[in-house]
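As a plain string of letters, each chain reads:
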Amino acid sequence: THLAYTPMISARQFAESEQYRSSIFGPLEGLDSAHDRPLAVQFAGNDPDILLKAAKHVQHRCDAIDLNLGCPQKIAKRGHYGAWLLD
């Protein structure tokens, strides 16, 4: 089975900014679901309430929501998400 993923999305920015949502997720409007599904939306964040709020914006437009819990990159360390949630 093939699976389409979005790029990693900042949950906080996505939850709080209509402009950010539009710039990140807007281009996905009208995609051919036969070719672009199943779709997993990837969020990075460290606040469960913000992650939930972000997920609710896309819950009817995707097939799965992936929470980044393993990213070891420096940007994840600065944002305290991914693998850095264990710190």
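Please refer to the structure higher up on the page.
Described in the following lines is the structure provided in the data block. Because the structure is predicted, anything quoted here is derived from the model rather than measured.

## Quick word on the nonpolar core
Formed by 14 residues in total, the largest nonpolar core has its most connected members in Phe14, Val41, Phe43 and Val58. Contributions of two or more residues to this core are made by helix 1 (11-16), helix 2 (18-25), strand 2 (39-44) and helix 4 (48-58). In terms of residue count, helix 4 provides more of this core than any other element does, four residues in total. Excluding its chain neighbours within four sequence positions, the residues that come into contact with Phe14 are Ile9, Tyr20, Arg21, Ile24, Phe25, Phe43, Ala54, His57 and Val58.

## Some words on the sheet that holds strand 2
Whether parallel or antiparallel, the strands of a sheet pair through hydrogen bonds between backbone atoms. If you walk across this open sheet you meet the three strands as 1-2-3, and the pairing is parallel. For this open sheet the edge positions go to strand 1 (4-10) and strand 3 (64-67), each flanked by a neighbour on one side alone. Adjacent strand axes in the sheet meet at a mean angle of 25 degrees when their direction is disregarded. Where strand 2 meets strand 3, four bridges bridge the pair, whose relative direction is parallel. Looking at the pairing, Gln42 lines up with Asp66 of strand 3. Most of the contacts of helix 4 go to strand 2, to which it runs at about 155 degrees, and overall it touches strand 2 and strand 3.

The rules behind these values
- Residues numbered from 1 in each chain as written.
- Predicted model: local features only at pLDDT ≥ 70, side-chain atom pairs only at ≥ 80, totals over all residues.
- Heavy atoms only, no water.
- Core = buried A, V, L, I, M, F, W, Y, C linked by side-chain atoms within 4.5 Å.
- Buried < 20%, exposed > 50% of the residue type's maximum accessible area, 1.4 Å probe, protein only.
- Helix = DSSP H or I, 4+ residues; strand = E, 2+ residues; numbered from the N terminus.
- Contact = heavy atoms within 4.5 Å.
- Pairing = 2+ DSSP bridges.
- Axes fitted to C-alpha atoms, helices over the stretch in contact; angles between N-to-C directions.

That's the geometry; what it means functionally is another story.
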